[in-house]
Amino acid sequence: MLFFLALFLLPIGARAALYALDDTHPRSYADADWSSTHTLPIARDFPQARVIVMSGRTGGWKGVLSVHSWVVLKPAGAKSWTRYDVVGWGNPVRTNGWAPDGRWFGNTPAVLADVQGAEAELLIPKIEAAVKDYRWRNAGDYRIWPGPNSNTFIAEVLRAAPELGVAMPPNAIGRDYRPGFYAGWTDSNTGFELNLWGYLGVKLGWIEGFEVNFLGLVSGLDFRKPALKLPGFGRIGFGEWGTANS
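Below is a summary of the structure that appears in this document. Nothing here was measured: the structure is a model prediction, and the numbers come from that model. (Residues numbered from 1 in each chain as written. Predicted model: local features only at pLDDT ≥ 70, side-chain atom pairs only at ≥ 80, totals over all residues. Heavy atoms only, no water.)

### Side note on the side chain of Ser66
- Assignment of secondary structure puts Ser66 in the loop between helix H2 (62-65) and strand S2 (67-74).
- Using a relative accessible area of 8% as the deciding quantity, one classes Ser66 as buried. (Helix = DSSP H or I, 4+ residues; strand = E, 2+ residues; numbered from the N terminus. Buried < 20%, exposed > 50% of the residue type's maximum accessible area, 1.4 Å probe, protein only.)

### Observations concerning the sheet that holds strand S10 (residues 217-222)
- What the seven strands build is an open sheet, ordered S6-S7-S8-S9-S10-S11-S12; its pairing is antiparallel. For this open sheet the edge positions go to strand S6 (181-185) and strand S12 (234-237), each flanked by a neighbour on one side alone. The mean inter-strand angle of the sheet, taken between neighbouring strand axes irrespective of direction, is 10°.
- Two strands pair when backbone bridges link them, and strand S8 (residues 200-205) and strand S9 (residues 209-214) are joined in this way by six bridges, in the antiparallel orientation. Its bridge partner being in S9, Gly205 is matched across the sheet by Gly209. (Pairing = 2+ DSSP bridges. Axes fitted to C-alpha atoms, helices over the stretch in contact; angles between N-to-C directions.)

### A closer look at the packing of aromatic side chains
- Applying the stated criterion across every chain, the model contains 14 aromatic pairs.
- Measuring from centroid to centroid gives 5.3 Å for Trp136 and Tyr177, while their planes differ by 70°, and the two rings are edge-to-face. Separated by 41 residues along the polypeptide, Trp136 in the loop between helix H3 (118-132) and helix H4 (150-160) and Tyr177 in the loop between H4 and S6 bring together distant segments of the chain.
- The class for Tyr177 is buried, based on a relative accessible area of 9%.
- The side chain of Arg50 reaches across the aromatic face of Phe46, ending 5.0 Å from its centre.
- Just above the ring of Tyr182 sits the side chain of Arg178; from NZ or CZ to the centre is 3.6 Å. (Phe/Tyr/Trp six-rings, centres within 6.5 Å; stacked < 30°, edge-to-face > 60°. Lys NZ or Arg CZ within 6 Å of the ring centre and 35° of its normal.)

### Points about the pattern of salt bridges
- Counted according to the given criterion, the structure contains 14 salt bridges.
- Taking the shortest distance from any N to any O, the salt bridge between Arg50 and Asp114 comes out at 2.7 Å. Note that Arg50 is positioned in strand S1 (residues 50-57) and Asp114 in strand S5 (residues 110-116), a separation of 64 residues in sequence. Taken as a pair, Arg50 and Asp114 share a single burial class, namely buried.
- Through salt bridges with shared partners, one network takes in Arg135, Glu156, Arg159, Arg178, Asp187 and Glu193. (Salt bridge = Lys/Arg side-chain N within 4 Å of Asp/Glu carboxyl O.)

By themselves, these figures tell us nothing about what the structure is for.
Okay, structure coming up:
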């Protein structure tokens, strides 16, 4: 019980307390800032292919537990960026619903992966195919917990393009959703995973580190870039998210 309390309940309680004490965050969708952070260049000024995976904390009390993730891409010579998200209303898969580098519910997104040039050019067809073939793309398919949701969508993209070499944040609720029992490679193909419908699971891999999933909440350790993974807080430690190739 103490182990369970320390790994899962205490971090959530602490994160909830911080949220309750903070009166600066937006209280509704309409109050939030969804504008561009201007971290990406104008597409026509960046001739190379590029793939970027982003994640930003969501709003309201849901933001205590989870982030929202999306993917942005641009083939070589393209004059615009393309952003793909999944949302919980209407048809889930959205194209260019927001600025490619936009804030999410007022929160500046983190870059999980940033791949450029020839490597990105090879990844883009795989990502486009994963978006097209996303199995939960119809109205009514979205479920906030344990999934499939926005993070389930990006997890499917990562499985289709493991060369991205990135693990999603531990507080990306829904990333571990599977439609049944799964035993096999982790998303990055660098380790092994046991998973029961996204409710219970364990992972051990070079990219993912060691993770325990309990009811969609994840605790664990990152060995590659030493860090602690905690529900609500995400990754706490050294190094940065993602990969960057130029």
